[in-house]
Amino acid sequence: MTRYNKWIEIDLDALKNNLQQVRACLEDRVRLIAVIKNNAYGHGALESAHILYQNGVDFFAVSYLEEALELKQSGFKGRIMLLAPLWNEGEYTEAIKNNITLTIASLKDWEKACHLSARLHMLTAVHLKIETGLGRFGFSREEVLKLLKEPYDREYIYIEGIYTHMAQAHNENYTQKQFSLFEHICIELEEAGLRIPVKHCANSTVFIKYPHLHLDAVRIGTLLTGQYPAGKLPHFLELQDPYKYKCRIISLKNLKKGSKLGYNSTYKIKSDARIAVIPVGYCDGLALEVGNPPSGFADMLKLLGKIVFRYLNIPRFNFNVKIRGQYFPVQGKVFMQMALVEIPKKVFVQVGDEVELPIKKTLTAKNELRLYTSENEAGKKSHGAGVTYLTEGE
Ligand SMILES: *Cc1c(COP(=O)(O)O)cnc(C)c1O
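Residues numbered from 1 in each chain as written. Predicted model: local features only at pLDDT ≥ 70, side-chain atom pairs only at ≥ 80, totals over all residues. Heavy atoms only, no water.

A. Representation of the sheet that holds strand β14 (residues 273-278). Strand order in the open sheet formed by eight strands is β1-β10-β18-β15-β16-β17-β14-β11, with antiparallel pairing between adjacent strands. The open sheet has two edge strands with one neighbour each: β1 (6-10) and β11 (251-255). In this sheet, neighbouring strand axes are inclined to one another by 35° on average, regardless of whether the strands run parallel or antiparallel. (Pairing = 2+ DSSP bridges. Helix = DSSP H or I, 4+ residues; strand = E, 2+ residues; numbered from the N terminus. Axes fitted to C-alpha atoms, helices over the stretch in contact; angles between N-to-C directions.)

Below is the structure:
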């Protein structure tokens, strides 16, 4: 019996290929930190982590403690670092006991980490996070210099790394400004006697655009998933798609021309058709888009344009799914856990048929969705769009 009506398939060779493509651009001394936050961007953190580990990646990053613990509990042996700070003592205790590498973003974090690792007699590796212009979290220059003067017992703390995160990697001036501040702080710390071995500031976009900012380590997520970060970047990596999101048709019925589909009956079918129900809905991200404010007037026009094209039911802007090698549109409003696919009456499909969902896209900081094009069997370009993730792209 098949237990699942939806699942993700991972192509090992494609994931390995992406890893090799990234590695080939790194000097030997630069470490790769594989970012597998949010379930490896929605594709399966445990599986992806194990595959990458078997292929030599030994350092991983996730955002939150529960993600790290899930990996540890699965028997995962790789180093895991948290990208977000922890917020209470219980979390620190759990993280320290499990040998998880911490992000320290404030003096308060520092105090807790020192105190609790000493109490537990557990050596804890930490990376200091410096805030240079993203406005998220991290030490300011003044605050991090105070760290040198704090009397806390840091016998059980190993300050392994120091890092920052770029806010708009496409903007060279802004990136350079952020980096200069970061570099300046590193130098000041060094002059004060604190030498931190691993400095890092590159995510996927920075990795591609600024090879001189690879420093001692790079934090790569998007590229490993086979996607290019959105925006104009030189495409010199040959990435492959390791992930396919699939489900099965769970119900099928014939409907006459003129029948209405879904809540509010927003779609009327134009000729007799077969309507397939798939067990994937907006709870899975289908048809969801992140509702960030547009980044500017042009961006707003683009968003409006997309809505208008969807309204006009222009095929390129439909959410298309692939069944038996052909693409068919999702029609009507997407339900919480289901959606309806319109299939021409003459096409043969069955309940239980595999359905491939379009998940290939990158969210940009500008909230623009990059449509992924793939060749369908007729050799025509067919645009898939539809499943998006509720995470930031970077
Ligand atoms: C998500 C994240 C990354 C990885 O970014 P990609 O652009 O997906 O490679 C790196 N660093 C931090 C701090 C992140 O939050």
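B. Up close: the packing of helix α1 (residues 12-23) against helix α3 (residues 45-54). Contact geometry for α1 and α3: axes closest at 10 Å, N-to-C directions at 60°. Judged by the angle between their axes, α1 and α3 are oblique. Here α1 runs over α3; the crossing is right-handed. For the pair formed by α1 and α3, the contact residues are Leu12, Leu15 and Leu19 on the first element and Ser48, Ile51 and Leu52 on the second. (Parallel < 35°, antiparallel > 145°, perpendicular 65-115°, else oblique. Left-handed = near helix turned anticlockwise from the far one by under 90°. Contact = heavy atoms within 4.5 Å.)

C. Inspection of the pattern of salt bridges at higher detail. Inspection of every chain in the model, using the stated rule, returns 16 salt bridges. Note that Arg29 is salt-bridged to Asp216, the shortest N-O span being 3.6 Å. Within this pair, whereas Arg29 is found in the loop between α1 and β2 (31-35), its partner Asp216 is found in the loop between α9 (204-209) and β9 (217-220), the two being separated by 187 residues in sequence. Residue Glu188 is joined to Arg141 by a salt bridge in which the shortest nitrogen-to-oxygen separation is 2.6 Å. (Salt bridge = Lys/Arg side-chain N within 4 Å of Asp/Glu carboxyl O.)

D. Representation of the environment of Glu9 in the model. Mapping Glu9 onto the fold places it in strand β1. As for Glu9 and Pro242, which are separated by 233 residues in sequence, their C-alpha atoms are 7.8 Å apart. Beyond its immediate sequence surroundings of up to four residues, Glu9 is in contact with Pro242, Tyr243, Lys244, Lys246 and Glu354. Reaching out from Glu9, the side chain makes a polar contact with the side chain of Trp7 at a distance of 3.1 Å. (Polar contact = N/O pair within 3.5 Å; in protein donor to acceptor, adjacent residues only side chain to side chain.)

E. Examining the state of the cysteines more closely. Evaluation of the coordinates by the stated rule reveals zero disulfides. Free cysteine: Cys114, not disulfide-bonded; nearest cysteine sulfur from Cys186 at 19 Å. Note on Cys114: relative accessible area 1%, which makes it buried. Here Cys283 stays unpaired: no disulfide links it, and the sulfur of Cys247, its closest cysteine neighbor, is 12 Å away. Of the residues examined, Cys283 reaches a relative accessible area of 44% and is grouped as partly exposed. (Disulfide = S-S within 2.5 Å. Buried < 20%, exposed > 50% of the residue type's maximum accessible area, 1.4 Å probe, protein only.)

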